[in-house]
Amino acid sequence: MTYYYYIAADIELPKESLKNVYLDIDESEERIKGFEFPIQLEIYNGIGREREARILLEYLMQQAEKHKTCTFQIANLINSNRVPFKILERRQVQLHKIKSPAELILEEGELLTIRKVNLVY
């Protein structure tokens, strides 16, 4: 059994701009009940350190820059042919309110929805 981070979004997520030495990223067409958007990427062995979470947060912010609004969903799940995927807990946060990359380090079965909203001052 291996932990995976599955990443879904309502915008296209290019895999190429997330390649680096710390994260094992691949494209995914996995279908998991509980996600509102198509799953596009998976991170093998998940995210366990703040350094890895910082890379993911920078990637999400970079992708969101091009859009007025968008939504990402990230879940930490065990990928096993013996255990079905199951979302156990849901949280939501607005992208501009994330104060630390550590907020992206999720418990097993947790799904985090991150929304970029169009801020008007």
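Here, the structure is the one placed above.
What comes next concerns the included structure. In this text, all values refer to a predicted model and were calculated from it rather than measured experimentally.

**Examining the overall build of the protein chain**
At step 1: When you go through the protein chain residue by residue, the secondary structure sums to one helix and six strands.
At step 2: If you list the helices and strands of the protein chain from N to C, you get β-β-β-α-β-β-β.
At step 3: Over its C-alpha trace the protein chain gives a radius of gyration of 14 Å, about what one expects of a compact globule, namely 14 Å for 121 residues.
At step 4: For the protein chain, the C-alpha atoms occupy an extent of roughly 50 × 30 × 25 Å along the three principal directions.
At step 5: Counting every position in the protein chain, which comprises 121 residues, the buried fraction comes to 45%.

**Re the sheet that holds strand β4 (residues 70–79)**
In sheet architecture, strand pairing relies on hydrogen bonds along the backbone and comes in two forms, parallel and antiparallel.
At step 1: With respect to topology, six strands assemble into an open sheet ordered β2-β3-β1-β4-β6-β5, the strand pairing being mixed. The outermost strands of the open sheet, each flanked by one partner alone, are β2 (24–27) and β5 (89–94). The mean angle between the axes of side-by-side strands here comes to 20°, regardless of whether they run parallel or antiparallel.
At step 2: Bridge analysis of β2 against strand β3 (residues 39–44) gives four bridges, and the strand direction is antiparallel. Each residue of the ladder has a partner; that of Asp 26, found in β3, is Glu 42.

**Some points on the pattern of salt bridges**
Should their charged atoms come close, side chains of opposite charge can pair.
At step 1: Taken as a whole and assessed by the stated rule, the structure comprises two salt bridges.
At step 2: Residue Arg 54 pairs with Glu 50 through a salt bridge whose shortest N-O separation is 3.8 Å. Within this pair, Arg 54 and its partner Glu 50 are both found in helix α1 (residues 50–64), separated by four residues, close to a single helical turn.
At step 3: Of the residues examined, Glu 50 reaches a relative accessible area of 36% and is grouped as partly exposed.
At step 4: Notably, a salt bridge pairs Glu 110 with Arg 91, separated by 2.3 Å at the nearest N-O pair. With Glu 110 in strand β6 (residues 110–116) and Arg 91 in strand β5, the pair connects residues that are 19 residues apart, well separated along the chain.

**With respect to the environment of Ile 25**
At step 1: Mapped onto the fold, Ile 25 is located in strand β2.
At step 2: The exposure class assigned to Ile 25 is buried, which follows from its relative accessible area of 9%.
At step 3: As a C-alpha pair, Ile 25 and Phe 37 span twelve residues in sequence and 18 Å in three-dimensional space.

**Regarding unusual backbone geometry**
At step 1: Unusually for a residue other than glycine, Asn 45 sits at a positive phi of about 70°.
At step 2: Note on placement: Asn 45 falls in the loop between β3 and α1.
At step 3: Residue classification places Asn 45 among the exposed residues on the basis of a relative accessible area of 52%.

**Let's talk about the packing of aromatic side chains**
At step 1: This structure, assessed with the given rule, holds three aromatic pairs.
At step 2: With 5.6 Å between their ring centres and 15° between their planes, Tyr 4 and Tyr 6 make a pair best called stacked.
At step 3: With 5.4 Å between their ring centres and 80° between their planes, Tyr 6 and Phe 85 make a pair best called edge-to-face. Of this pair, Tyr 6 sits in strand β1 (residues 2–9) while Phe 85 sits in the loop between β4 and β5, and the two are 79 residues apart along the sequence.
At step 4: The rings of Tyr 4, Tyr 6, Tyr 44 and Phe 85 are connected pair by pair, giving a single aromatic cluster.

How each quantity is defined
Just so you know, the residues in each chain are numbered from 1, in the order the chain's sequence is written. Local features in a predicted model are, by the rule used here, given only for residues with pLDDT of at least 70; side-chain atom pairs are given and counted only at 80 or more, and totals for whole chains, interfaces and linings are based on all residues. Derived side-chain values reflect all non-hydrogen atoms in the structure, with water molecules and hydrogen atoms excluded from consideration. Strands are runs of DSSP state E lasting at least 2 residues, helices are runs of H or I lasting at least 4, and numbering of each runs from the N terminus. Put simply, the radius of gyration uses C-alpha atoms, and a globule should come to 2.2 Å times the residue count raised to 0.38. Burial classes follow relative accessibility: with a 1.4 Å probe on protein chains only, a residue under 20% of its type's maximum area counts as buried, one over 50% as exposed, and anything between as partly exposed. Pairing between two strands requires that DSSP report at least two bridges joining them. Working convention: axes come from line fits to C-alpha atoms, limited for helices to the stretch in contact. Angles between N-to-C directions cover 0 to 180 degrees. When a carboxyl oxygen of Asp or Glu lies within 4 Å of a side-chain nitrogen of Lys or Arg, that pair is called a salt bridge. To pair, rings of Phe, Tyr and Trp, with the six-membered ring standing in for Trp, must have centres within 6.5 Å; the planes then decide the type, stacked if under 30 degrees apart, edge-to-face if over 60, and tilted in the middle.

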